[in-house]
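A structural walkthrough
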Amino acid sequence: MEATPSDQTHNTAAAANHSSVAAISMSAANTNHRNPLRVDWPTIDGPLGLTEQDSVDHARRFFKFGFLFLPWLWAVNCFYFWPVLRRPGSNSDPELRRYVVGSSIGFMVFTVVLSTWALTFSIGGELLFGHAWDKLVMYNVAEKYGLTGLI
């Protein structure tokens, strides 16, 4: 039997489709290659921790209260839900992951801003701020208000 050009095209397309299906099944096999007895917990304390819905509620509260000038709650959120941050492909709730990743980004931004502010004052000092330096620093507040004789 002689192959016609349309049969060759069909065979090539079928081979390409078969190889893409094989590649998809191989990648799926690689990502799902986990111990079936292992359970992914959303919190660091495993089975002693919160349920899935309670985890989302706590992560949401920590994330929102972090905006009330309590960025250490973002750090607590990242620490407590570390398994969610560490495994992006885990089967945890996407809403939980959104709050935890948002908390980690917020804490990193806060850390950069605080470090920049601290380094500006410690390195720049009076050379950077000039005469305004005496009004900005806190170590001479006691002298300014006459509180040095109380100790």
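Looking at an unreviewed UniProt entry, one finds the chain named Gamma-secretase subunit PEN-2 and attributed to Anisodus acutangulus. We quote the UniProt Sequence similarities (unreviewed entry) comment for the chain here in full: "Belongs to the PEN-2 family." Within the UniProt record for the chain, the comment given under Subcellular location (unreviewed entry) is "Membrane".

Another point: the packing of helix H2 (residues 52–66) against helix H5 (residues 94–129). The N-to-C vectors of H2 and H5 enclose an angle of 30 degrees; their axes lie 9 Å apart at closest approach. Between H2 and H5, the angle is such that the two are roughly parallel. Note that H2 runs across H5; the crossing there is left-handed. Between H2 and H5, the contacting residues are Glu52, Ser55, Val56, Ala59, Arg60 and Phe63 on the first element and Glu95, Leu96, Tyr99, Val100, Gly102 and Ser103 on the second. Its residues assigned to classes, the contact of H2 with H5 comprises 6 nonpolar, 3 polar and 3 charged.

What follows concerns the packing of aromatic side chains. Inspection of every chain in the model, using the stated rule, returns 9 aromatic pairs. Consider the rings of Phe121 and Trp133, whose centres lie 5.8 Å apart with planes at 35 degrees: the pair is tilted. One end of the pair, Phe121, is in helix H5; the other, Trp133, is in helix H6 (residues 133–136), with 12 residues separating them in the sequence. Three or more aromatic residues joined by ring pairs form one cluster here, namely Phe63, Phe67, Trp74 and Tyr99. Sitting over the face of the ring of Tyr99, Arg98 holds its NZ or CZ atom 5.0 Å from the ring centroid.

What counts as what
Residues numbered from 1 in each chain as written. Predicted model: local features only at pLDDT ≥ 70, side-chain atom pairs only at ≥ 80, totals over all residues. Heavy atoms only, no water. UniProt positions renumbered as here; feature names shortened; annotations may be inferred. Axes fitted to C-alpha atoms, helices over the stretch in contact; angles between N-to-C directions. Helix = DSSP H or I, 4+ residues; strand = E, 2+ residues; numbered from the N terminus. Parallel < 35°, antiparallel > 145°, perpendicular 65-115°, else oblique. Left-handed = near helix turned anticlockwise from the far one by under 90°. Contact = heavy atoms within 4.5 Å. Nonpolar A, V, L, I, M, F, W, Y, C, P; charged D, E, K, R; others polar. Phe/Tyr/Trp six-rings, centres within 6.5 Å; stacked < 30°, edge-to-face > 60°. Lys NZ or Arg CZ within 6 Å of the ring centre and 35° of its normal.

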